[in-house]
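# Observations on the model geometry
Chain residues, written in single-letter form:
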Amino acid sequence: MAARDEGLGAARVLDADEVQGVLSGRFYAPADAAPARAPSRASLEKPTHYKVICISMYTKDLDRLDQLVDELKGRGMTKANRSALIRAALDQLDLDKVPRGM
């Protein structure tokens, strides 16, 4: 029974697609085969209408942002997320009301 349980444990850990890839030869190619290369990042088309950025925020501000997103979702806006809420806030920003000491 213990040996059978070990086999089940291995089945839970191993990804079926990965195992099939190894068994079908996609993982280990013959020695004379040219190595398969993934397309380079430069060759992939990149979106031009947005950019992924990284900003730092205080954890209390992130908590507030998440609370606001949750509130919007509770109001039925199921696609609300952090970036959408920040974009909405930017659309409503009045620069004359921004504190000087920020």
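See the structure shown above.
Given the structure is predicted, the values throughout are model-derived calculations rather than measurements.

Viewed as axis vectors pointing N to C, helix α3 (residues 59–74) and helix α4 (residues 82–92) meet at an angle of 95°, and their least axial separation amounts to 10 Å. As the angle between them shows, α3 and α4 are arranged roughly perpendicular. In this structure, α3 uses L62, L65, D66, L68, V69 and L72 to contact α4, whose residues at the interface are R82, L85 and I86. Residue composition of the contact of α3 with α4, grouped by class: seven nonpolar, no polar and two charged.

Turning our eyes to something else, we now look at α3. An ideal rise of 1.5 Å per residue puts 22 Å on 16 residues; α3 measures up with 22 Å between its terminal C-alpha atoms. G76 lies just past α3 and shows a positive phi near 100°.

Looking at the largest pocket, its volume works out to about 230 Å³. For the lining of the largest pocket, the leading source of residues is α4, giving five residues. Counted by class, the lining of the largest pocket contains seven nonpolar, one polar and three charged residues. Quantified by volume, the second largest pocket comes out at close to 150 Å³. In terms of lining, the second largest pocket is formed by M57, D61, R64, L65, L68, L85, I86 and A89. For the lining of the second largest pocket, the elements supplying multiple residues, two or more each, are α3 and α4. Of the residues forming the lining of the second largest pocket, the biggest block, four residues, is contributed by α3. Among the residues forming the lining of the second largest pocket, the class breakdown is six nonpolar, no polar and two charged.

On the surface, I53, I55, M57, I86, L90, L93 and L95 cluster together into a nonpolar patch covering about 720 Å² of accessible area. The topology assignment puts I53 in the loop between α2 (16–24) and α3.

With that out of the way, let us pick up the pattern of salt bridges. Considering all chains together, one arrives at two salt bridges under this definition. Between D66 and R82 there is a salt bridge whose closest N-O contact spans 2.8 Å. Placement of the pair is D66 in helix α3 and R82 in helix α4, with a sequence separation of 16 residues. On the accessibility criterion, D66 (26% relative accessible area) is partly exposed. You can call R82 partly exposed: its relative accessible area is 39%.

Rules and cut-offs
Residues numbered from 1 in each chain as written. Predicted model: local features only at pLDDT ≥ 70, side-chain atom pairs only at ≥ 80, totals over all residues. Heavy atoms only, no water. Axes fitted to C-alpha atoms, helices over the stretch in contact; angles between N-to-C directions. Helix = DSSP H or I, 4+ residues; strand = E, 2+ residues; numbered from the N terminus. Parallel < 35°, antiparallel > 145°, perpendicular 65-115°, else oblique. Contact = heavy atoms within 4.5 Å. Nonpolar A, V, L, I, M, F, W, Y, C, P; charged D, E, K, R; others polar. Expected span 1.5 Å × (residues − 1). 1 Å grid on protein atoms, 1.4 Å probe; cavity = no way out; pocket = protein on both sides within 12 Å on 5 of 7 lines; lining within 4 Å. Points joined across faces, edges and corners; volume = space filled by probe spheres on them. Patch = residues over 30% accessible without salt bridge, like charges linked within 9 Å, V, L, I, M, F, W, Y side chains within 5 Å. Areas by Shrake-Rupley, 256 points an atom, 1.4 Å probe, with all protein chains shown as cover. Salt bridge = Lys/Arg side-chain N within 4 Å of Asp/Glu carboxyl O. Buried < 20%, exposed > 50% of the residue type's maximum accessible area, 1.4 Å probe, protein only.

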